[in-house]
Amino acid sequence: MDLRPHIKPFLASSIKDIWPASTRQRCLVVLTAIFCVVTIYAAYAGYVPPAHTFLGTISPLAVMAFPLLLYILAVSLIICIVFWMRGARMLLVTLIVIVPSAIKIVPLHITPYIADRAKGDKTFSLLTYNVMSFLDFAGPFKEGVPNRTVQYILDSNPDIVCLQETLRAAYVNTLNITLSQRNLRDLRYPYQMHWHDGGIAMYSRYPLKEIHIGDRPDMPYPHYKAARVYLHDDSITIINCHLQSIGLDVSDRNVYHGATGGDIDFDSIDAAGSKILGKLTDAFIIRAKQAEFVRSVLDSIPGNVIVCGDFNDVPLSFAARQIQGNDMHDAFAATSFGPRITFHDNRFYFRIDHVFYRGNIGAYWCASPNIPSSDHYPLLVRFKIQPDK
C-alpha cells in the first residue's frame, strides 16, 4: 500500500492543528508554549548548581517559583478543557512531563497507614522546629501566658525533638518559659544535647550519643549536628541541620514586602534588585556547599538515618536534591495530601523545613500545624520501624 499520497494531507492537517490560521490563536499558542517551557524548566532547574552565572542565578529562582507555576498550570488546564482544547493538550503534555516534580510539591496520599502498637508495631515520632529563639512571632510576651512554642512541643509529645535557633534558650526568665514547662520538659526528655554555637538542640526519650561529623572550615558557624538514638532494639543516626539563611536584611525584606503587597516603588525595586539577587545567589551557593558536605557524611554512615531541620530551601532545590540523593525519602511527600508551607514571614511562603530518611524505617504520618509563635511552622513525623529483611 502506497502511503505517499496521504502523507502531505496528514502533515498539512497536523500543522494546521498546531499552528492555526488566526493571528490571535497563534499568539495564544506561542504564549502557552513559552509558559509550558518555563514550567518544565522550573520543575527540573534544581539539578543546576547555583553559581554567579546566568543559569546558576535564575535556576534556583525558577525552582522557588515552581509551586506558583504549577497552580497556574492546573487552573489554566481546567479553563482550556472547557474553552480551548488545543491549549489544553499543550498543558496536559506539560503536566505529564513535570509529574515527578509536582508530586513532591503536591503529594496525593489519601489513606494513611495507622500504626498499631498493640499488634507489635514499633513506632516513634520526631519533631523538627525552628523556634525563632523561643520568641513569639505575634509580638511581646503577655504576662502570665506560658511560652507558646514550648507549650506546643510539650503538647505534641514527640519522642525526639530537633530544634534550630535556640540561641536565647538560656534566657528563660525573659521568654515566659515557666518552671512547670521546664520541669515537664526535663522529665519527659532525660536525654538532651545543646550546641549553643549553632543554636541546635536535640531532646529525646531514648538514649542519645553525639556523633562528631566535623564542619566546613569556611562556614561562619556549625550548621549541622548529629547524634545516634537507641530505641526499640535498634539505632538511628539523626542529623539536625540549619543551613544558610536566605541572607536578606530588613531593608531588602521591606522592598519585597511592599512589592508583593501592591505598593510598588519602581525606583526602590530597581536600586535594590541587583543587591537582593546577589545576596540570594550567595546564599544558594553556600547552601549547595553545605548540602554537599551533608551528603558526604550520609555516604559514610550505614544503616538508619534521618536528616531533618531548617534547610532554608525548597524541596526541589539543588541543596535538597543533593542531600536526598537517590536513597533518602521525603517524609512529607511520602505521606501527605496537598501542598504545605513551613515558613510564613514577610510574605515568603515556602516549605523549607524537611525530614528525609532511609533504612528500615518508614514514615506513615506527617503534619505541620499552623502554630503562629515562630516564623516557621513545626514538622511532626511518625515512623514505623520495619522488620529487617
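Located above this text is the structure these notes cover.
Position labels on residues start from 1 in each chain and follow its written sequence. Only residues with pLDDT of at least 70 are given local features in this predicted model, and only at 80 or more are side-chain atom pairs given and counted; all residues enter the totals for whole chains, interfaces and linings. Only heavy atoms go into the side-chain values, all of them from the structure, while hydrogens and water stay out.

Engineer: It is not clear to me how the packing of helix H2 (residues 23–44) against helix H4 (residues 85–105) should be interpreted in this structure. Could you clarify?
Structural biologist: Helix packing geometry: the angle between the two helix axes and the distance between the axes. Lines are fitted to the C-alpha atoms to define the axes, a helix being fitted only along its stretch in contact, and any angle between axes, read from their N-to-C directions, falls within 0 to 180 degrees. Numbering of helices and strands runs from the N terminus; a helix is a DSSP stretch of H or I covering at least four residues, while a strand is a stretch of E covering at least two. In the contact formed by H2 and H4, the axes pass within 9 Å of each other and the chain directions differ by 5°. It follows from the interaxial angle that H2 and H4 lie roughly parallel. Only Arg 86, Gly 87, Met 90, Leu 91, Thr 94, Val 97, Ile 98, Pro 100 and Ser 101 of H4 make contact with H2, whose side of the interface consists of Gln 25, Val 29, Thr 32, Ala 33, Phe 35, Cys 36, Thr 39, Ile 40, Ala 43 and Tyr 44. In terms of residue class, the contact of H2 with H4 is made up of 12 nonpolar, 6 polar and 1 charged. Comment on the angle field: the value is read as roughly parallel under 35 degrees, roughly antiparallel over 145, roughly perpendicular from 65 to 115, and oblique elsewhere. We call two residues in contact whenever any of their non-hydrogen atoms come within 4.5 Å of each other. The classification used treats Ala, Val, Leu, Ile, Met, Phe, Trp, Tyr, Cys and Pro as nonpolar, Asp, Glu, Lys and Arg as charged, and all other residues, Gly among them, as polar.

Engineer: Just to check I follow, could you spell out the nonpolar core for this structure?
Structural biologist: Buried Ala, Val, Leu, Ile, Met, Phe, Trp, Tyr and Cys residues form a nonpolar core when they are joined through side-chain atoms within 4.5 Å. Summary of the burial criterion: residues with accessible area below 20% of their type's maximum are buried, those above 50% are exposed, and those between are partly exposed, where the area comes from a 1.4 Å probe applied to protein chains only. Counting residues in hydrophobic clusters, the biggest one holds 32 residues, and the most contacted among them are Phe 66, Leu 70 and Leu 91. Within the residue set of this core, elements represented by two or more residues are H2, helix H3 (54–83), H4 and helix H8 (266–300). In terms of residue count, H3 provides more of this core than any other element does, 9 residues in total. Non-local contacts of Leu 91, meaning those with residues more than four positions away in its chain, are made with Thr 32, Phe 35, Cys 36, Leu 73, Ser 76, Leu 77 and Cys 80.

Engineer: What's the story with the sheet that holds strand E5 (residues 208–211) in this structure? I'm lost.
Structural biologist: Each strand in a sheet pairs with its neighbour through backbone hydrogen bonds, running either in the same direction (parallel) or in the opposite one (antiparallel). Pairing between two strands requires that DSSP report at least two bridges joining them. Judged by pairing direction, the sheet is mixed, and its 6 strands sit side by side in the order E5-E6-E7-E8-E10-E9 without closing on themselves. Among the strands making up the open sheet, the edge pair consists of E5 and strand E9 (329–330). Pairing geometry for strand E8 (residues 305–310) and strand E10 (residues 353–358), over 6 bridges, is antiparallel. Note on E10: the bridge partner recorded for Val 307 is Phe 356.

Engineer: What is the right way to read the environment of Gly 56 from this model?
Structural biologist: Counting through the fold element by element, Gly 56 comes out in helix H3. Residue classification places Gly 56 among the buried positions, given a relative accessible area of 2%. With 229 residues separating them along the chain, Gly 56 and Ile 285 place their C-alpha atoms 9.0 Å apart. Among all residues touching Gly 56, those that are not within four sequence positions of it are Pro 49, Pro 50 and Ala 51.

Engineer: What should I look at first to understand the sheet that holds strand E1 (residues 122–130) in this one?
Structural biologist: On the basis of which strands lie adjacent, the open sheet formed by 6 strands has the order E3-E4-E2-E1-E12-E11 and mixed pairing. Across the chains shown, the open sheet's two edge strands, defined by having one partner strand only, are strand E3 (191–195) and strand E11 (361–367). Between one strand and the next, the sheet's axes are offset by a mean angle of 15°, whatever the strand orientation. Examined bridge by bridge, E3 and strand E4 (residues 200–204) share 5 bridges and lie antiparallel to one another. Residue pairing in the sheet places Tyr 191 in a bridge with Ser 204 of E4. Relative to E1, helix H5 (residues 148–156) is tilted by about 170°, and along the sheet it contacts E1, strand E2 (160–164) and strand E12 (379–385).

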